[in-house]
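Inside the fold
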Amino acid sequence: MKTIFEHKDRQELIERISALTDNNTAQWGKMNLYQMIRHCTVWNDWILGRNKQEYKQEFLGKLFGRMALKRLLREGAVMDKNVPAGEFAIKEKTGDTDLYKKIWLEQIAAYEHYSNPDFIHNFFGKMKTEDLGMFVYKHMDHHLRQFNV
């Protein structure tokens, strides 16, 4: 299964992100291209531990998180469409798409040296590194498919 921690899988994501242009439009959801790219950069900062956030699993996640993660990480499973972005929703409709695309590419490369042992997903909870790698890949893939790349 693909993971952000494999070089070839990171390269694939980098090529797909690099292929994004202003002509790419969402196949589903409410985000425009700028909002999606910005969402991914904010989300990656969270995973990478760059914002020194406190990590805490919410109550419903403690009840259902492991089961949901297991379902998501099955071979061939993809993230559901139109899942709310929650605290990672981007309100601004316009911004410097090229700048955030560059940041996103740098973040993908940074996963080669991933080290954030304090990370706890707000729904899934503490994750094994192997599971986190597959989850991050699936999240990036989800948004790239959303914009048809």
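It should be noted that the structure appears before, not after, this text.
Residues numbered from 1 in each chain as written. Predicted model: local features only at pLDDT ≥ 70, side-chain atom pairs only at ≥ 80, totals over all residues. Heavy atoms only, no water.

Concerning the pattern of salt bridges
Opposite charge on two side chains lets them pair, provided their charged atoms get close. Heads up, the condition is: Salt bridges are defined by distance alone: a side-chain nitrogen of Lys or Arg within 4 Å of a carboxyl oxygen of Asp or Glu. When accessible area is computed with a 1.4 Å probe and restricted to protein chains, residues below 20% of their type maximum are described as buried, those above 50% as exposed, and intermediate ones as partly exposed.
Inspection of every chain in the model, using the stated rule, returns eight salt bridges. The partner of Arg50 in a salt bridge is Asp45, with the nearest N and O atoms 3.9 Å apart. Overall, the relative accessible area of 44% leaves Arg50 in the partly exposed class. Ionic contacts of the salt-bridge type, sharing partners, join the residues Lys2, Glu12, Arg16, Asp141 and Arg145 into one network.

Structural notes on helix H1 (residues 7–18)
To be explicit about the condition: Secondary structure elements are defined from DSSP: runs of H or I of at least 4 residues count as helices, runs of E of at least 2 residues count as strands, and each element is numbered from the N terminus. For a helix, the expected span equals 1.5 Å multiplied by the residue count minus one. Note that the arc is computed from the directions linking the helix axis to the C-beta atoms. Any pair of residues with heavy atoms lying within 4.5 Å of one another is described as a contacting pair.
Along its 12 residues, H1 runs 16 Å from first to last C-alpha, staying within 8% of the 16 Å computed at 1.5 Å per residue. When we look at burial in H1, the residues that qualify are Asp9, Arg10, Leu13, Arg16 and Ile17. Along the axis of H1, the buried positions cluster into a sector of 125 degrees, meaning they face one direction only. More than 90 degrees from the buried face of H1, the exposed residues found are His7, Lys8 and Glu15. The inward-facing, buried residues of H1 contact helix H4 (97–110) and helix H5 (129–146).

A closer look at the packing of aromatic side chains
Here is the rule: Aromatic rings from Phe, Tyr and Trp, with only the six-membered ring used for Trp, were paired whenever their centres fell within 6.5 Å, and each pair was classed as stacked if the ring planes differed by under 30 degrees, edge-to-face if by over 60, and tilted otherwise.
For the coordinates displayed, the defined rule picks out 11 aromatic pairs. When the centroid spacing of 5.5 Å and the interplanar angle of 45 degrees are considered together, the rings of Phe5 and Tyr114 count as tilted. Of this pair, Phe5 sits in the segment before H1 while Tyr114 sits in the loop between H4 and H5, and the two are 109 residues apart along the sequence. Taking the relative accessible area as the measure of exposure, Phe5 reaches 25% and is therefore partly exposed. Taken together through their ring pairs, the aromatic side chains of Trp43, Trp46, Tyr55, Phe88, Phe119, Phe123, Phe124 and Phe135 make up a single cluster.

Observations regarding the packing of H1 against H4
Test applied: The angle between two axes is taken between their N-to-C directions and runs from 0 to 180 degrees, where each axis is a line fitted to C-alpha atoms and a helix contributes only its stretch in contact. Angle categories are assigned with fixed cut-offs, so that under 35 degrees is roughly parallel, over 145 is roughly antiparallel, 65 to 115 is roughly perpendicular, and the rest are oblique.
Remark: H1 packs on H4, axes separated minimally by 10 Å, with the N-to-C direction vectors making an angle of 175 degrees. The angle between H1 and H4 places the two elements in the roughly antiparallel class. In this structure, H1 uses Arg10, Leu13, Ile14, Ile17 and Ser18 to contact H4, whose residues at the interface are Lys101, Trp104, Leu105, Ile108 and Ala109.

Some thoughts on a nonpolar patch on the surface
The condition that has to hold: In this analysis, a patch consists of residues with relative accessible area above 30% that form no salt bridge, clustered at 9 Å for like charges and at 5 Å for the nonpolar side chains Val, Leu, Ile, Met, Phe, Trp and Tyr. To measure how exposed things are, a 1.4 Å probe is used in the Shrake-Rupley method; for residues, cover is taken only from the protein chains shown.
The grouping of Phe59, Leu60, Leu63, Phe64 and Met67 at the surface amounts to a nonpolar patch, some 570 Å² of accessible area in total. Summarising the element assignment, Met67 is placed in helix H3 (residues 59–72). Under the relative-accessibility criterion, Met67 is labelled exposed at 55%.

Comments concerning the environment of Phe5
Residues Phe5 and Tyr114, 109 residues apart in the sequence, show an inter-C-alpha distance of 8.1 Å. Apart from residues lying up to four places away in sequence, Phe5 is in contact with Arg10, Tyr111, Tyr114, Thr129, Leu132 and Gly133.

Notes on the nonpolar core
A general trend in soluble globular proteins is that nonpolar side chains are found buried together. To be explicit about the condition: Nonpolar cores are built from buried Ala, Val, Leu, Ile, Met, Phe, Trp, Tyr and Cys residues. Side-chain atoms within 4.5 Å join them into one set.
Met36, Ile47 and Trp104 are the most contacted members of the largest nonpolar core, which totals 37 residues. Sorting the residues of this core by element identifies H1, helix H2 (33–48), H3, H4 and H5 as the ones contributing at least two each. By residue number, the principal contributor to this core is H2, which donates nine residues. Excluding its chain neighbours within four sequence positions, the residues that come into contact with Ile47 are Tyr55, Tyr111, Tyr114, Asn116, Phe119, Leu132 and Val136.

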